[in-house]
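Descriptive analysis of the structure
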Amino acid sequence: MTEPGAPQSGDVPSRVVEVERKYDVDARTPLPQWSDLPGVTAVSEGEVRELDARYLDTDDAALSRAGVALRRRTGGPDAGWHIKGPREGDGRVEIGWPLGDDDRVPDAVTSTLSQWTTEPLSPLARIENTRTAYLLTGDAGVIAEFVDDRVRATDLRQDVRREWREWEFELGPAAPADEAGRDALFAAVESAVAAAGGREAASGSKLARALGF
């Protein structure tokens, strides 16, 4: 979830492994009911966040081809520069740095990106998102964060705008640590999402969908 991965002050980046599931939903689809999720005893009130992310890549899309995304995002608890690494098993490592004083890519970010490319970066896409976030908690703390996203995206290189709504369910610090427990939790999530009218996401990420993939 976002809080543990929020960018820290100074030169030391934050680092978190995101384990999440994404779902496509229609504009009027009602929110899922979480009463049957194992371990969940409470759901918070929704917190609305206005997010604005600018993605960059090389002219030949070296980062995208490596399964990497670079963005500068404002709004929400994890505003900052983020590198999302290639998928590793069930998750992706996200590294974060503070926003800085301007929109130039910080040296620390460029240095980290050098394992994939050292070529110049240019704007790739803009993703604006009205997010409503809910914390699902149990006796030991936050099991997951569920977000309801209404997305407005622009492919800056093709000048194409797209809009959609999606849900994300991301494991929190009190989520089951064992594979069987995670499988049971996600199975219950799938059932709740399907009952509400949601479906498995057709695209692997917001950036991919913004670019038409």
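Because the structure is predicted, anything quoted here is derived from the model rather than measured.

1. Looking at the confidence of the model for the protein
A residue-level look at the protein finds 95% of positions with pLDDT of 70 or above and a mean pLDDT of 94. Note on residues 2–9: pLDDT under 50 across the span, and 24 contacts to partners over four residues away in sequence or across chains.

2. A short note on the pattern of salt bridges
Scanning the model with the defined rule gives 23 salt bridges in all. A salt bridge links E47 to R49, with the shortest nitrogen-to-oxygen separation between them at 3.2 Å. Among the charged side chains, a salt-bridge network with shared partners connects K22, R131, D149, E166, E168 and K206.

3. Some words on the packing of aromatic side chains
Scanning all chains against the criterion turns up five aromatic pairs. Considering the side-chain rings of W34 and F146, the 5.1 Å spacing of their centres and the 70° angle between planes classify their relative orientation as edge-to-face. With W34 in the loop between β2 (20–25) and β3 (42–43) and F146 in strand β9 (residues 141–155), this pair connects stretches of sequence that are 112 residues apart. In this pair, the class of W34 matches that of F146, namely buried. Linked through ring pairs, W34, Y134, F146, W167, F169 and F186 together constitute an aromatic cluster. Lying over the aromatic face of F186, R21 brings its terminal NZ or CZ to 3.9 Å of the ring centre.

4. Some words on the side chain of T112
Among the secondary structure elements, T112 is positioned in helix α2 (residues 107–113). In this structure T112 comes out as buried when scored by relative accessible area, which is 19%. A distance of 3.0 Å separates a polar side-chain atom of T112 from the backbone oxygen of A108. In this structure, T112 is in contact with I83, I95 and W97, ignoring residues within four places of it in sequence.

5. So, the environment of Q33
Locating Q33 in the fold gives a position in the loop between β2 and β3. Here the alpha-carbon distance between Q33 and R49, two residues 16 residues apart in the chain, equals 22 Å.

6. Thoughts on the nonpolar core
Within the largest apolar cluster, 22 residues are counted, with the highest numbers of intra-cluster contacts made by W34, L37, L136, F169 and V189. Among the elements of the structure, β2, β8 (122–138), β9, β10 (160–171) and α3 (179–196) are those that each provide at least two residues to this core. Element by element, the count of residues in this core is highest for α3, at seven residues. When residues no more than four places from it in sequence are discounted, the contact partners of L37 are L136, F169, L185, A188, V189 and A192. Among the nonpolar cores identified, the runner-up in size contains twelve residues, and Y55, L124, V151 and A210 belong to it.

7. What about the environment of E145?
One can find E145 in strand β9. Through-space distance from the C-alpha of E145 to that of E18 is 11 Å; in sequence the pair is 127 residues apart. A polar atom in the side chain of E145 sits 3.3 Å from the side chain of R49.

About the cut-offs
- Residues numbered from 1 in each chain as written.
- Predicted model: local features only at pLDDT ≥ 70, side-chain atom pairs only at ≥ 80, totals over all residues.
- Heavy atoms only, no water.
- pLDDT = per-residue confidence, 0-100.
- Contact = heavy atoms within 4.5 Å.
- Salt bridge = Lys/Arg side-chain N within 4 Å of Asp/Glu carboxyl O.
- Phe/Tyr/Trp six-rings, centres within 6.5 Å; stacked < 30°, edge-to-face > 60°.
- Helix = DSSP H or I, 4+ residues; strand = E, 2+ residues; numbered from the N terminus.
- Buried < 20%, exposed > 50% of the residue type's maximum accessible area, 1.4 Å probe, protein only.
- Lys NZ or Arg CZ within 6 Å of the ring centre and 35° of its normal.
- Polar contact = N/O pair within 3.5 Å; in protein donor to acceptor, adjacent residues only side chain to side chain.
- Core = buried A, V, L, I, M, F, W, Y, C linked by side-chain atoms within 4.5 Å.

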